Amino acid sequence: STLSSYMKLEGITGNNIELTPAIEEYMRTRIQKLSKIVQNMEPATIRAEVGEPLSQRGKGENVFYAELNATIQDEDFRGHRTDPNVFKAIEKVRVDMYRQIIRWKTKGRSEQRKMEVTIKRLSQSDPGQS
């Protein structure tokens, strides 16, 4: 697998549609982009699903959905987007997942910074030192 070691792809499934090599390849490249932002954050795994909602079948108009389920260091992320174009649905869900992961990473970093500042303050204001 050419997917980088940062995020393990656990599979791409097709639901009510044929998972063509083009769709699969496109999904892999999108996930590879996501993979770059979770560097050094193992374990990170992701599952992808592309399909046509059952509720849409036989209604004449095609609507596809793309879904990503990722787990990064025990934190779960889920994205689900629809579009008449299957590739656009995949790109939409990648953008959504990217935003979720960035938000989580930024939040984690600021929490960590707050902790470090608090510890620093506490160690500086030690009343035992004169």
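Structural notes, computed from the coordinates. (Residues numbered from 1 in each chain as written. Predicted model: local features only at pLDDT ≥ 70, side-chain atom pairs only at ≥ 80, totals over all residues. Heavy atoms only, no water.)

1. Structural notes on the packing of aromatic side chains
For step 1, the next point in the chain: Across all of its chains, the model carries 2 aromatic pairs by this definition.
For step 2, the next point in the chain: Residues Tyr26 and Phe87 carry aromatic rings whose centres are separated by 5.1 Å and whose planes lie at 90 degrees to one another, so their mutual orientation is edge-to-face. With Tyr26 in helix H1 (residues 21–35) and Phe87 in helix H2 (residues 86–124), this pair connects stretches of sequence that are 61 residues apart.
For step 3, the next point in the chain: Overall, the relative accessible area of 24% leaves Tyr26 in the partly exposed class.
For step 4, the next point in the chain: Their ring planes at 75 degrees and their centres at 5.3 Å tell us that Phe77 and Trp104 sit as a pair that is edge-to-face. (Phe/Tyr/Trp six-rings, centres within 6.5 Å; stacked < 30°, edge-to-face > 60°. Helix = DSSP H or I, 4+ residues; strand = E, 2+ residues; numbered from the N terminus. Buried < 20%, exposed > 50% of the residue type's maximum accessible area, 1.4 Å probe, protein only.)

2. Side note on the pattern of salt bridges
For step 1, the next point in the chain: According to the stated counting rule, one finds 7 salt bridges in the structure shown.
For step 2, the next point in the chain: Linking Glu67 and Arg78 is a salt bridge whose minimum nitrogen-to-oxygen distance equals 3.0 Å. With a gap of 11 residues between them, Glu67 in strand E3 (residues 64–72) and Arg78 in strand E4 (residues 75–83) connect regions that are remote in the sequence.
For step 3, the next point in the chain: In this structure, Asp83 engages Lys92 in a salt bridge whose closest nitrogen and oxygen atoms are separated by 2.8 Å.
For step 4, the next point in the chain: Assessed through its relative accessible area of 37%, Lys92 is described here as partly exposed. (Salt bridge = Lys/Arg side-chain N within 4 Å of Asp/Glu carboxyl O.)

3. Observations regarding the sheet that holds E4
For step 1, the next point in the chain: Sheet architecture is open: 4 strands sit in the order E1-E2-E3-E4, paired in mixed fashion. With one partner strand each, in any of the chains shown, strand E1 (8–15) and E4 form the two edges of the open sheet. Put simply, the sheet's adjacent strands are angled 10 degrees from each other on average, direction ignored.
For step 2, the next point in the chain: Against the sheet, H1 touches E1, strand E2 (44–51) and E3, its axis set at about 145 degrees to E2.
For step 3, the next point in the chain: Sitting on the sheet, H2 is in contact with E2, E3 and E4, with an inclination near 150 degrees to E4. (Pairing = 2+ DSSP bridges. Axes fitted to C-alpha atoms, helices over the stretch in contact; angles between N-to-C directions. Contact = heavy atoms within 4.5 Å.)

4. Structural notes on the side chain of Glu67
For step 1, the next point in the chain: For Glu67, a relative accessible area of 12% corresponds to the buried category.
For step 2, the next point in the chain: For Glu67, the contacting residues outside a window of four places in its chain are Arg47, Ala48, Glu49, Arg78, Gly79, His80 and Val93.

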